[in-house]
Each structure stands twice: as C-alpha cells, then as structure tokens.
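# Chain and residue survey
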Number of protein chains: 2
Amino acid sequence: MSTLAIDRLTEAIERTGNPTALGLDTRIEYLPPSMLKDLGDIGSLENMEYLANMGNNPENDAVEEALFTFNRGLIDALADLVPCVKVQVAYYEMLGVTGMKLFRKTLLYAKEKGMIVIADVKRNDIGSTAEIYASAYLKGGSFSAGAGFPADFVTINAYFGVDGVAPFLSACEKNGTGIFVLVRTSNPSAGEFQDLIVRDAQGVKGGQGDERPLYEQVGLKVAQWGEALMGRCGYSSVGAVVGATWPEEGKRLRALLPRVFFLVPGYGVQGATARDLVGCFDGQGRGAIVNASRSLICAHKNRKTDDFASAARDEALRMRDDLRRAIAQNTRA
Amino acid sequence: MSTLAIDRLTEAIERTGNPTALGLDTRIEYLPPSMLKDLGDIGSLENMEYLANMGNNPENDAVEEALFTFNRGLIDALADLVPCVKVQVAYYEMLGVTGMKLFRKTLLYAKEKGMIVIADVKRNDIGSTAEIYASAYLKGGSFSAGAGFPADFVTINAYFGVDGVAPFLSACEKNGTGIFVLVRTSNPSAGEFQDLIVRDAQGVKGGQGDERPLYEQVGLKVAQWGEALMGRCGYSSVGAVVGATWPEEGKRLRALLPRVFFLVPGYGVQGATARDLVGCFDGQGRGAIVNASRSLICAHKNRKTDDFASAARDEALRMRDDLRRAIAQNTRA
C-alpha cells in the first residue's frame, strides 16, 4: 500500500512550515534579459510569436533548454523552502511537442528534488477516457518509469459527474496519488455557473426544497468521493480547487467540507492577499496550500535583476511570512 | 478574413453527404494482430503496460510508427467519405511525449487530406491560461506552421464562465477556427450536475423565478457567445457537445438553440442508435455531426480481418446510411 498523496503533501508542508505551491507557468517572456540575450535571435521579442508556433521543430531545442534552465533554477532555489510545485500544462502545450518534453522533464526534476508535484491539467471526460487520463498522470510508484506525465496530484473538472471522476479515484487508491477537483475557481466570472442556485426534485441534500450554489454542491460531492482516501492527517487525497479571490466562499467551503484539502490559486498577480484566503485554512492553520505563479517566477522583473532564482527565493520567503502572519492572526481569532 | 470554421465544416458535410466524425481514440490494443506481430516483443500484450509507461523513451519510436500507420490508414481510407476527424488527446497523452508527437502528426495529416480537424481536449481555465490554450490549438491559418497542436475546432468545458471562454472566441474570430462547448455529455452520470435545476436571484432568463437544468443554461450561454461567429450556413462557429445517448435532451436543446451546431458523441459502442440522436438535427437534416470512435477504428475486430482500413470503410458506409435513413424519416415526420 502506497502512502496516501495527501499525507505526503501535508508532511511536506509541516516540514517546510510553508503552505505554498510554486506555480511553474513558464513562458519565454518570463526569462530574464540575460537569458533572452543568450538565445540570440530566437529569443528576441520579435521571434516569440514564431517560437511559439514552431511546434516540434528542431530549432526549438535551444528554447527548451533555456526554459528548462529557468525551471530547474527555480526548483533548485526553492526546494527546501517550498514543498510543492504546480505545473500548468497550457504553457507547455503552447510550445507543441517541445513543450511537452519540457513539461515531463520539469515534473520529473521537481520530484527528484523531493517536491510534491501537481500537474495542473483540469482534465475531464467520459469514464473510459478518464481512465486513460488517469493512467497518463497518476500511476505513481517509481514515477520516472511511470506514467506519460507523472505527478502526485492532477487537477480535474467534474462536469461529467461521478463516472468521469471514478477512474481517477481508482488510480489514486491503487497508486497513492491524488486529485484536486475544481469547486470555486479564482477568475472574475467564476460565479456565472458556479453561483447558480441548484436543486433537484428531491432537494440536493435529501430534504425536499434544499438549495445551494452549484459550487457547494460540487464540493459536497468531492467530500463524498474522498471518503475512501482519507489520510492520517485528517484530510483526503481528493481535494478541491478554491480560488483565493473569494474570501466569503472560501470560508463557507472550509466549514462545509472539514476533511477536504484546498488548493488555493489567485494569490499575488491575480489580486488576492493572505487575508483574503486565510479562511481556506482550518483552526490549526492547516488544510490548504496556496499557489503563486507569476509573483514568484517573475519576481526578478520587479527587483530589476537577472538573478531570477534569488529573486524568487526572496519573494517566497516574503510570501511564507505573509501567509504565516495571516494564519496566526486567524487561528488566534 | 478567414472562412468561418463552421462554414468549412458544413460544406464538408454537404460534399460527402455524411454528418460523421471519425474519432481517432487510438490505442495499441486496437491494432490488428498482424501489426502487433510486426512490433514483435514490444507489441505483445504483456508489454502494453510497459509501453504506455515508457514516456519519451527512444524504444517508443516503433510503437509511434505503428500507431501512425494505423491512423494514416484510417484517414486515407475515409477522407473522401467522412468529412471530419475528432482526435481524443487522452489516448496520446497516455503515451507521453511520443504520444504528443503522434497527436500532432495525426492532426496535420488529417488536415493535409482535406478533413476538418477537431482536437478533443476539453480544456478549461482562467482567462490568461485560456488564452495560452487558444494559442496552442486555434491559430488556424497556415496550420502546419501554426499552433503547437493545430486544429479547426477544440472542445472546451465552460465551468469557469465567460472569461475562461472569451480568449477562445477571440482566437476563433481572428483565425477562422471554432469551439464545441460541453453542454450535455454522453456518459451515464451526465445528469449528476448537468440536470440540476438552476436559478439565480433574478431567475436565469431574466424573469424572476425562471428555472431550467444547468445544461440548458450552459447551452443558452453558448448560443449567446456564438452570435459574433455566425456562418453563412446559419450556424455559429461556437458549437455544443450534446451526447447521442440522451434523445429527449437532444431534442429540447435543438429547439432551444436553433443556431448552435452540435457535436454528438455516443453513437455505437457507447450505445446510442441513429434514432436516439436524430433529434439533434434540424428540420433540414442539418445542424449536427455524429462522432464514432471504437465502432469505426475497431471495426476489423468484429469482422475478423486484419484489413482495418476496409473494415472501417464498410462500417463508415453502414453508419452513413443508417444516419441518412434516420434523418430522412425525421425530416418527413
């Protein structure tokens, strides 16, 4: 029996004392000027559109190498300080086959450095296809010899209902991996569907006439799906994505879903502060991990330095202390 | 100004007289015995798990070649008969970087043979990431020099609301590409969330107290998002995924969304018949395309032949006639 993914994640958070995930939403524009200069013509701003378009062209190797140097530098600088990496696959798919090579290398390197790895892919499909996705990402075990794109956790979208989720649950149970299901997203129009008040003929909770927002109903299902994957830490390997940008919703979900761990995006560039998201943590300051992407990986831009790794480390320390302060105030309150 | 994707799709359907999409959900187990034998040890059943695990291992080249031979053979056999190919990315992601190389090659080859290409990826994210996804898939134009994984259409999931969809709409407008948004999926638990009755404070339609199932509300938004992308054919480049397995829902959606084109999965192995899905077509027998994957690409298995291409062609002809018959009965009725 493998360790449950959620126990590995919470132990890593305890060890570092830092509930932060490093979001590697890496793109060419984020490289510091010196690295772009090293790329010469292919790294110039005029060529970026071209580069993104190259697909699996061999000229892409230099770009792949530069981007991997950037990701590796960030991982090396932060692996002792930040317990977890979240790799957003869109930024890699944009670069075609070259990007997917980089995606895989990045997942494996972060794992090698002892970080918990979240592949942020938001996959979703019918059962037979969900099973294929689960085997692409959630094989766990020896990891490097494992799935096509091995991760400890993936993000998924539950619009298909339980039979699009069950194959992921089976993979998690078998392989000691985990999922985060989209519940309340961080973007401005999150509420367009997620806030709609829902009921079914019997009322969504059993009692006739019960009503709640869609995102709460999805959250309750997430809690139910996670019952068989409950860790020693008191949380389940079936977590929820809850945007930092919605303080009230975060607080309500924390109360409604006491054993569901939250992956919380939206801190930093998306506008949420530590105070906004602190309601996603429980009374012991546990139960959530906060992702930051651009504020960490582009920290060198604000600091006007080419030393992106040190800039990211400074910002990660600032963010850790910011989160700790807010959590301490919250648990005292 | 590029041709609208929906006009290209409907013209291709008219030309072939066949509203069918070839679903290339290709996996090693689907190759005919002779091709597996040619692969020798690496194609044996015992090694399939290993193969799927290999990621970007060089030994994978033989498998990639065999799978591409299979896809190319299907495309060559069907390009004059079937107007459209839908490539389900999960089956390619499962094979890691090798699979993504195969995915790209398959998209480009189908396009080269004049088919309309749907990348079935069901992507979804916040606006800035949706923009990245759109540039990965929907650059249109010269196509082979275009996006990382170029397609005429992608499938998307709208749980994020309009700001996760808008970047796809911009790409469609700029590049003459299109999207299909998940509305009512074909799987058994589709209704778990999609059938929930929704309302907002003002009622979902404006009049206080209006209520409808979530999938209808998503459908109405799809219609609205598509208004700026209306084709000469009377349909929009912003289509909907509507499962063949739900005859009543399909009929209701057809009436509710008269200018939204439907991509209809679920025919064949998933259990839907032509009669089940015929309500997705309009009174002129237009407005929908029906996907079949396993029933076409595995037709050789039922027919006990290694000639997978001829078997797929026979089945495609049978399916075309089956659809034509049902549509003719429906438009007379």
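Residues numbered from 1 in each chain as written. Chains lettered and ligands numbered in written order. Predicted model: local features only at pLDDT ≥ 70, side-chain atom pairs only at ≥ 80, totals over all residues. Heavy atoms only, no water.

## Considerations on the relation of the copies chain A and chain B
For the pair chain A and chain B, the relating rotation is 180°, the translation along its axis is 0.0 Å, and the fit reaches an RMSD of 0.0 Å. The transformation just described matches what one would write down for a two-fold rotation axis. Relative to the rotation axis, the C-alpha of Val198 of chain A is the closest in chain A, positioned 2.3 Å from it. Take the interface residues of chain A: 100% of them recur as interface residues in chain B, which is what a same-surface contact looks like. (Least-squares fit on C-alpha atoms with pLDDT ≥ 70 in both. Contact = heavy atoms within 4.5 Å.)

## Some points on the interface of chain A and chain B
Each side of the interface is counted separately: chain A has 71 residues, and chain B has 71 residues. Summed over both sides, the interface of chain A with chain B buries roughly 5,900 Å², with 55% coming from carbon and sulfur. On the chain A side of the interface with chain B, the three residues burying the most area are Ile132, Tyr159 and Phe193 of chain A, jointly 14% of the side's total. Here Lys122 of chain B makes a salt bridge to Asp125 of chain A, at a shortest N to O gap of 2.8 Å. Taken together, the links from chain A to chain B amount to 35 residue pairs in polar contact (both at pLDDT 80 or more). In terms of residue count, helix α7 (residues 127-137) of chain A provides more of the side of chain A that touches chain B than any other element does, seven residues in total. Its residues assigned to classes, the side of chain A that touches chain B shows 34 nonpolar, 21 polar and 16 charged. As judged from the three bridges shared by strand β6 (residues 197-199) of chain A and strand β6 (residues 197-199) of chain B, these two strands associate in the antiparallel manner. (Buried area = accessible area lost by both parts, 1.4 Å probe. Salt bridge = Lys/Arg side-chain N within 4 Å of Asp/Glu carboxyl O. Polar contact = N/O pair within 3.5 Å; in protein donor to acceptor, adjacent residues only side chain to side chain. Helix = DSSP H or I, 4+ residues; strand = E, 2+ residues; numbered from the N terminus. Nonpolar A, V, L, I, M, F, W, Y, C, P; charged D, E, K, R; others polar. Pairing = 2+ DSSP bridges.)

## A closer look at the sheet that holds strand β1 (residues 20-23) of chain B
Residues and elements named next belong to chain B. Spatially, β1-β2-β3-β4-β5-β8-β9-β10 is the arrangement adopted by the eight strands of the closed barrel, whose pairing is parallel. Averaged over all neighbouring strand pairs, the angle between strand axes comes to 30°, with direction disregarded. Against the sheet, helix α8 (residues 162-175) touches β3 (116-123), β4 (153-156), β5 (178-184) and β8 (238-242), its axis set at about 145° to β5. (Axes fitted to C-alpha atoms, helices over the stretch in contact; angles between N-to-C directions.)

## Focus on the state of the cysteines
Taken as a whole, this structure holds zero disulfides over all chains when the rule is applied. We note that Cys280 of chain A lacks a disulfide partner, and the nearest cysteine sulfur, in Cys84 of chain A, lies 15 Å from it. Of all cysteine sulfurs, the one in Cys84 of chain B lies closest to Cys233 of chain B, which takes part in no disulfide; the gap is 14 Å. Classification of Cys233 of chain B by relative accessible area gives buried; the value is 15%. (Disulfide = S-S within 2.5 Å. Buried < 20%, exposed > 50% of the residue type's maximum accessible area, 1.4 Å probe, protein only.)

## Description of the pairing of strand β2 (residues 84-88) of chain B
Remember that side chains alternate between the two faces of the sheet whenever the strand is regular. Residues and elements named next belong to chain B. The buried count for β2 comes to five of five residues, which makes it a mostly enclosed element. Side chains of β2 alternate between two faces, with Cys84, Lys86 and Gln88 and Val85 and Val87 buried alike. The pairing of β2 with β3 spans five bridges and is parallel. Its bridge partner being in β3, Val85 is matched across the sheet by Val117.

## Brief notes about the confidence of the model for chain A
In this model, chain A carries an average pLDDT of 91, and 89% of its residues clear a pLDDT of 70 or more. Across the interfaces of the predicted complex, the ipTM metric reaches 0.94, alongside a pTM of 0.95. (pLDDT = per-residue confidence, 0-100.)

## Section: unusual backbone geometry
All names here are of chain A. Despite not being glycine, Lys304 shows a phi value in the positive range, around 50°. Among the structural elements, Lys304 can be located in the loop between α14 (299-302) and α15 (308-332). Here Lys304 falls in the exposed class, since its relative accessible area comes to 76%.

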